[in-house]
Amino acid sequence: MRQQRKNKPAEIPTASLEEGGSIDRILKSQNLSAKGPGEEYNFAYLDEDTKREIRRALLKAVAIPGYQVPFAGREMPMPYGWGTGGIQVSASIIGKDDVFKVIDQGSDDTTNAVSIRAFFETLTGVATTTETAEATIIQTRHRIPETPLAEGQIMVYQVPLPEAMRQLEPSEPETRSLHALFEYGLMYLKLYEDITKHKEITISYDYPVLVADRYAMSPSPIPRFDNPKLNDSKALHLFGAGRERRVYAIPPHTRVKSFDFNDHPFRVQGWENSCAICGATDSYLDEIVQDDRGGRMFVCSDSDHCQRRLRLASQPEAGPPERLASLGQEAQDRG
Amino acid sequence: MPKTARDNLTAPPQNGDRPLLLAEGLTHYYGTKRACRDVRFEVYPGEILGLVGESGSGKTTVLKIVSGQMAPSSGTVLYREAGGAVLDLHKLSEGRRRLLARTELGFVHQNPRDGLNMNVSAGANVADRLLSGGARLYAEVRGRARDWLERVEIATDRLDDRPGQYSGGMLQRLQIARNLVTSPRLVFLDEPTGGLDVSVQAKLLDLIRNLTGTLKLAAVLVTHDLAVARLLSQRLMVMKEGKVVEAGLTDRVLDDPQDPYTQLLVSSTLEA
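Presented here is a report on the structure given in the accompanying data block. Since this is a predicted model, take the numbers as computed values, not measurements.

Residue and element names in this part refer to chain B. Enumeration over the complete set of coordinates arrives at 32 salt bridges over all chains. The partner of E81 in a salt bridge is R96, and the shortest N-O contact between them spans 3.1 Å. With E81 in the loop between β4 (74-80) and β5 (86-88) and R96 in helix α3 (residues 94-101), this residue pair connects regions lying 15 residues apart in the sequence. Judged by relative accessible area, E81 falls into the buried class, the value being 14%.

Turning our eyes to something else, we now look at the interface of chain A and chain B. Contact with chain A, which involves 18 residues of that partner, is made by 24 residues of chain B. Summing the contributions of chain A and of chain B, the shared interface buries around 1,800 Å²; its carbon and sulfur component is 58%. Of all residues in chain A, the largest losses of buried area upon contact with chain B belong to L189, Y192 and E193 of chain A, amounting jointly to 31% of the total for that side. Between chain A and chain B we count 3 salt bridges in total. The salt bridge involving R98 of chain B is made with E174 of chain A; its shortest N-O contact spans 2.8 Å.

With that out of the way, let us pick up empty space enclosed by the protein. All names here are of chain B. Counted according to the given criterion, the structure contains 1 cavity of 30 Å³ or more. Looking at the largest cavity, its volume works out to about 80 Å³. Considering the residues around the largest cavity, the lining is formed by V108, I176, L180, V187, L189, I208, L211, T212, L217 and A219. Contributions of two or more residues to the lining of the largest cavity are made by α7 (168-180), β7 (186-190) and α8 (198-215). The leading source of residues in the lining of the largest cavity is α8, at 3 residues.

Time to look at the environment of V222 of chain B. Residue and element names in this part refer to chain B. Along the chain, the position of V222 falls in strand β8 (residues 218-223). Among the residues examined, V222 registers a relative accessible area of 0% and is labelled buried. Linking V222 and L63, residues 159 residues apart in sequence, is a C-alpha distance of 7.5 Å. Ignoring any residue separated from it by four or fewer positions in sequence, one finds V222 in contact with L51, K59, L63, L189, D190, E191 and P192.

Structurally, the α-helix is built with 3.6 residues per turn, so residues lying three or four positions apart point the same way. Residues and elements named next belong to chain A. Between its terminal C-alpha atoms helix α6 (residues 111-124) stretches 20 Å, which fits the 20 Å expected from 14 residues at 1.5 Å a residue. Regarding α6, the residues found buried are N112, A113, I116, R117, F119, F120, L123 and T124. Take α6 and look down its axis: the buried residues cluster within an arc of 150 degrees, on one side only. Buried residues along α6 sit in contact with α5 (84-93), β2 (99-104), β3 (127-128), β4 (137-141) and β5 (154-158).

The next subject is the side chain of T140 of chain A. Within the fold, T140 of chain A resides in strand β4. Apart from residues lying up to four places away in sequence, T140 of chain A is in contact with I103, M155, V156, Y157 and Q158 of chain A.

Cut-offs applied
- Residues numbered from 1 in each chain as written.
- Chains lettered and ligands numbered in written order.
- Predicted model: local features only at pLDDT ≥ 70, side-chain atom pairs only at ≥ 80, totals over all residues.
- Heavy atoms only, no water.
- Salt bridge = Lys/Arg side-chain N within 4 Å of Asp/Glu carboxyl O.
- Helix = DSSP H or I, 4+ residues; strand = E, 2+ residues; numbered from the N terminus.
- Buried < 20%, exposed > 50% of the residue type's maximum accessible area, 1.4 Å probe, protein only.
- Contact = heavy atoms within 4.5 Å.
- Buried area = accessible area lost by both parts, 1.4 Å probe.
- 1 Å grid on protein atoms, 1.4 Å probe; cavity = no way out; pocket = protein on both sides within 12 Å on 5 of 7 lines; lining within 4 Å.
- Points joined across faces, edges and corners; volume = space filled by probe spheres on them.
- Expected span 1.5 Å × (residues − 1).
- Arc of directions from axis to C-beta.

Spelled out as structure tokens, the structure:
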């Protein structure tokens, strides 16, 4: 917007122009800055004190894995529900040397992912990438990348509802007491109801976990397919809820267990199909409806993972099977 | 022989039973208004103690205090837990008190909606205490929930219905099942038959009498209905303006009331 104003003097009131002022002076007189895009904001949008406050909350969150730490959430230039919590966390931890990746529903190309990536490109100038292995900070909604995370990487989650028990206990003081007293009967009540209704646990996303054998935690709306990736992960996982003003964290190599019954153990989703684009059989697949006659296809939700597999498969010198098998190891080495 | 009730509570086992609960000097103020004054009583294992009086006489306040839900302005509530240790209910940590409240104690609210989780099925309501207590086998928990529904005479095909689909009498029976599933030793009943029609009341009273009898359950029963008190309780306390005006065996108190207020209360009861 600012750039447009600068390039289109026609928008400036002609009266001001006739007074002979430069465009800079005219903009100043109207309390508009003539600086280039991004320059009028602090690095990563938030001011340094705010970032420091959020980092303090994050340090506490890392020290008490799974515990929800309140923080002074700021108004962001976008509505709640668009990832304000995740963006504030990312803005607080991002440095000039970071490489930033954003995914939404596993994809780098959805509106939200593109917009948030552009936001940080504009306001920090840091390098961005779509490749999981190259990123140092990955902001995400709904997915954990298929490529195994490595030491030094940070996952930032956008969390709509940080309280895993909110559905069954509307009172915040009460849920805090339940956490403090380690009373998680409600979690099992939720599962009991589910099994009673559907004969099995059908919670397919935001499946509650117990972190470090102590705190019950909502893993944000990731599919339960991704829950096992949280356990003993090499990366640091930070969760930010903008509307509820809470951050929480899972430090690297923390035990994360999904709640379940002994006679109804936790299982991840599986598919009978493989990815229609890259042929992957072990990734999380999205179902895409193609027409109104029942036509549908299944494709990897992780777009980077899918394209990477395609690229590797098209390299003739390394046969696809071996290359694909070594993917995970390679990602780890690069991290 | 022990001299006081307090000695009796903590003394080694005698031939007779020791009290389960001892309340001493309970006084409570809401702001400057006094709700109860110097109330003391004990509850013995297996007995039902009735607490009667008109609205505003402090019955419910006393019940909230002795069940640990509310701390009194002054006074103590001692409880002898299953292991034999004597606990001061209001000096326990919150976690310990809550644990006690969902294992050894029970509380049946006048309005079952206050004591039930209306957002989950009836079975889940009964399962609640078991799951909180660490039960991790779905089949077993469900089996026990079904068992208890049977014991309170609710058809087991209603196991997965929401309590919202239950009638008033069924809700109250469900609330009782939810409380009794962990085999508590002492249950607090706050007007359990309030708001139910007469035939449903009779069935519920019958059920409560049977259950307390077979489970050797002690109970503190708050009611303003003298007929309910006569049917269920062995001992009776009459409260007026926050004070206990008369106490004794139920039949004695109702047939030969000594205090003018009790006489008034008994004589004002409608004959059926």
